[in-house]
Amino acid sequence: MTSLRPLLLGLAIVATVLLLTLLLAFTSPVQTWAARRALHAQAGIQGELGSVSVGFNRVSVENLRIHGNGYRLVLPSMQVDMPVIPALRQQTIAIKRLVAKGWTLDLTGAPRRFVSAERRPDAALAGYFALLAASAPTTRAQGVTLPPGFHGIFDHLSLPADIVIDSAELEGEVIFPVAPGQAPARARVMLTGGNLRMGEEARFTLVAAVAVDDPAARVNQLDSRSELVARMDSPRTFDRITATVVATASGPQAPNGARLTFDLAARREGQAEEYGLALRSAVRTLAEFKGALPADAPALTGTWILDTRAADLAPFALGRPLPTFAISGRGTYRADRALSSLQADGTLDAAAERLEVIRPELASIGAINLKADFDLEGHGQTLHIQRLGLALAGAAPVARLDALQGFEWNRKTGELHVAEPDRELVRITLEGLPWQWVQPFAPGYSFSGLPLHGELLALARGGRFTLRTATPLVAQGFSLLRNGGPLLRELDLSAAASAEYTTQGWQAELSNVTARRGANELLSLRTLVGQSLGRDQPIKATGTVEADLAGLLAQPWATTYPQLATGQARIEFNLRLSERDEIGVEFRVANLVHEDQVLPDIQGELRADVQADGRIDARIPLKIERAGRESHLELVAALKPVADGREITAQLSSSVMYLEDVQVLAALGALSNPSAAPAGGPGGAPVPVWSGYTGRMMLDLKRVYYAPNAIAHNIVGSIRLGPSALVVEDISSSLGDGGLFKLGGQISFDSFHADPYALTADVAINGYDPGPLLRALNPTTAPPLEGKFDLTTRLSGRARDLGGLADSASGGLNLNSRGGTLRALSVDISEFARAGTRLASVAGLIGLATGDERVLKYSERLRAASELTSGLASVNFDQLTVQVERTPENHYIIKDLAIISPTVRLLGNGIIEHQPGVSVWSQPLSLRLQLGARDALAGNLRTLKLLADETDALGYAPLTENLVLDGSLENIGTTRLRELLLRALNGT
């Protein structure tokens, strides 16, 4: 006995612990702790729980607050009187009394996709069916075994357990959003009823009162009363369900009150079921659906009727505007027991207007009407169309779609099966599509012109589905505006197209797309696009574009571009779009004439690869032709994404280039985009036009003709793009006559400056002979200056845009030479050289014969004038220096000019006055010179009494008055010098 005491004591301790544990499990603190842990473990839900108490016959919950995705529930208290142990064993849930009052369900935090006024109807329908699928019970009633197939809706209303509800009282408030900009609505909800048990009728009443707290609301009160009656033929199944919902609305929009009644009835007799659903207003039936499933019938059959108007539903929209609509129709439906086949037929007539309440852009569509006549059947993935006719109209007929024969379409494989493969399947007739209907799908643009019309036919044969235009799509008088500004005006558009789909792939062809203005064809397009089906198959496209550039540039979109008298372009393209896009374009632009100037023809191509990571590798060779000469250029570039934008690595090369031809095209480009003003960056701060791009472009130009017979060899160097500067790095070249050229500088950008672009440039030329260039400017006369010259200059300037930098650049230029020829003082040789010599000889003979001293002096002046003009016509100098400064007004100030030869010294200054749009070589010149002479030239000037008596330290005697040269650099004028010599010759 003594040996059993420890064992008995141990058992007593264990029993005591178990009893205490059991007692603790039924205490409220322990139950509350367990419930809180369970609540916190729920994903996507946060909440607080005051307390929970679970007894053998009662469950009490106090101060429950939970919130999840868009909702918040506050439940002060809830009591459920029921036997707990059977419920935990899932035997019978017998609720004697359920009471929950004072709760609040707030839905105003619901995600926008659920409450937005722009909610898509198809998304809402999909969500509704998903909700039905999620809430449909999947547990069948115990003891019920049914054969495969659909046996009615009551089969899907089986409860998961035996349930009895004697009494339920739920009362609270639901807060939910209504129309955007309106205060949330509040609904007082009360559900009462009970007697839910097998063999009896359960009755529940749901009363809801909705108040809209908005004085401007057209309906501010919505009340509904719902009566639900259900009878259970087993502890888990029903055989009768009826529901009647009566809703009334009142407010300024419905001063006498509006009423809607919704009736639902479903009953089962053995294995047969009948259904009825109806929506009625106070005066008529708006919608009605009926169905029957006889016990021995193979299918569910029924009828449907619609006769609904916007005015019937508007009072119940809680202030949300509705378009004006009316929809009517009737027909039948049929579904087999397996629910694998659904057939519906009937007619439908729908009209709507005021579509702008759905989306403001739809206002341009106006009133629309759709009529449908159909007989459709869906079986699994296959849709069988026996009859289909659609007619769409607005103010006039717009389009028709007619099925010309029955066919089947497999939505998964895309296969089509038709009864008569050689006969057309579908006809689509565009009777007149108004451009206003296109407006909502192109925001910012507006269209006008005669409606689009044409006809398309579909054919299915040999596993192919083909859609083609039976008559071209045509739109006459088409005009297009963007943000109120015109782009295209009164064009006649036409297009012939076809598309084909097979199980191997698809392709589409635009065989003849044209745009005409009157009798002139401005644009034509032909293209073929296709793709093979399968994983990662590329889209391929080829085509040709031909354009009348003069006609296209005459359209409003091109008012900022230079206009052409003539011009044609042809583009051939070949695209392969996939993970790596391949682009091939060949183009030719020819017969360009701008303001009576014949421009070069351009021929080239573009080859580019675009990688999935955004890297672009491109090659662009160009040939520029003009007057029998050709320039050949090639740009090779790589563009890759980097952290702060894109990085460029490029090389521009050329075997031969005629600068004049390239400059003409560049000038046209500048006219096309006269201002490259700073663009706006983040926060609105200005940024340079190259913002987001960095990198370097190398130059390798073998031969550049910058004037006829003037050539630069091997131009090399680089241009570097940085975040705030474009830097020219040591561009150099050898000139054709042995000279050397160097250029360096940069264009920087300062966003805080009123003129953010700044230019600094240094140019140096050594051993340059300007003779070939000056000879090219004026081929009829010898160049006014020849020799070897050294030139240095530094330019600087600021401007608001890149185009203004050239005009704003100012700076000084130094020109030096240690030998050359000056012909700028040449006067009329025919008058003074040839005639003068003969007259001098004759006058001398006469003077000797007669002894007339006046004749002898005139003879001496003639000789001196002839020798003087011959000497000044070509002055071989030993030294030339000059400084030129460009002012901010673009004038060129000439100062400290000095030319020294053995017989002549010239000192002077002057100006080249800027004239907009005139080349610097043609701008007016005014140069004042002081001439000093010695030796024979000085003697001739003394004979003409044009030279002072005194001389300087070097023996040069000054001219009695200054020389003035005018004209321009390309044609220097010596009229003043000629007049001076004539006065001296005549002794005046």
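Quick notes on the rules
Residues numbered from 1 in each chain as written. Predicted model: local features only at pLDDT ≥ 70, side-chain atom pairs only at ≥ 80, totals over all residues. Heavy atoms only, no water. Helix = DSSP H or I, 4+ residues; strand = E, 2+ residues; numbered from the N terminus. Buried < 20%, exposed > 50% of the residue type's maximum accessible area, 1.4 Å probe, protein only. Contact = heavy atoms within 4.5 Å. Pairing = 2+ DSSP bridges. Phe/Tyr/Trp six-rings, centres within 6.5 Å; stacked < 30°, edge-to-face > 60°. Core = buried A, V, L, I, M, F, W, Y, C linked by side-chain atoms within 4.5 Å. Polar contact = N/O pair within 3.5 Å; in protein donor to acceptor, adjacent residues only side chain to side chain. Arc of directions from axis to C-beta.

Let's talk about the environment of L777
At step 1: Within the fold, L777 resides in helix α9 (residues 771–777).
At step 2: For L777, a relative accessible area of 28% translates into the label partly exposed.
At step 3: For the pair formed by L777 and L969, sequence separation is 192 residues and the distance between their alpha carbons is 9.2 Å.
At step 4: The residues contacting L777, other than those within four sequence positions of it, are W921 and E970.

A closer look at the pairing of strand β45 (residues 810–822)
At step 1: Pairing analysis gives 11 bridges linking strand β44 (residues 785–799) to β45, with the strands arranged antiparallel. Counterpart to T792 in the pairing with β45 is N814.
At step 2: Where β45 and strand β47 (residues 879–886) come together, seven bridges link them in antiparallel fashion. Residue G811 lies in a different strand from β47, and its bridge partner there is R886.
At step 3: Where β45 lies against strand β46 (residues 875–877), three bridges are found, and the strand directions are antiparallel. For L822, the partnering residue across the bridge sits in β46 and is V875.

Observations concerning unusual backbone geometry
At step 1: The phi dihedral of N591 is positive, around 60 degrees, even though this residue is not glycine.
At step 2: By the element assignment, N591 lies in strand β31 (residues 581–594).
At step 3: For N591, a relative accessible area of 48% puts it in the partly exposed group.
At step 4: Look at D896: it is not a glycine, yet its phi comes out positive at around 55 degrees.
At step 5: Within the secondary structure, D896 is located in strand β48 (residues 892–900).

Focus on the pairing of strand β33 (residues 601–610)
At step 1: Here β31 pairs with β33 via nine bridges, running antiparallel. Looking at β33, one finds that G584 is bridged to R607.

Thoughts on the packing of aromatic side chains
At step 1: One pass over the structure, following the stated rule, counts nine aromatic pairs.
At step 2: Ring geometry for F749 and Y757: centres 5.0 Å apart, planes at 70 degrees, overall edge-to-face.
At step 3: On the basis of relative accessibility, which here comes to 0%, the residue Y757 falls in the buried class.
At step 4: Linked through ring pairs, W435, F447 and F478 together constitute an aromatic cluster.

Details of the nonpolar core
At step 1: With 62 residues, the main nonpolar core has L825 and L931 as its most contacted residues.
At step 2: Filtering out sequence-adjacent residues up to four positions away, L825 remains in contact with L872, L906, L929, L931, L963, L965, T974 and L977.
At step 3: If you look at the next biggest cluster of nonpolar residues, it comprises 26 residues, including L75, V178, L286 and L318.

Considering the side chain of T308
At step 1: One can find T308 in strand β14 (residues 299–309).
At step 2: Reaching out from T308, the side chain makes a polar contact with the backbone oxygen of L286 at a distance of 2.9 Å.
At step 3: If we ignore the near neighbours within four places in the chain, the residues touching T308 are R284, L286, L313, F325, A326 and I327.

So, helix α13 (residues 935–943)
At step 1: Taken as a whole, α13 has its buried residues at L937, A938, N940 and L941. Buried residues in α13, looked at end-on, bunch into an arc of 160 degrees, giving them a common side. Of the exposed residues in α13, the ones pointing more than 90 degrees away from its buried face are D935 and A936.
At step 2: The first or second residue beyond α13 is K945, which carries a positive phi of 60 degrees.

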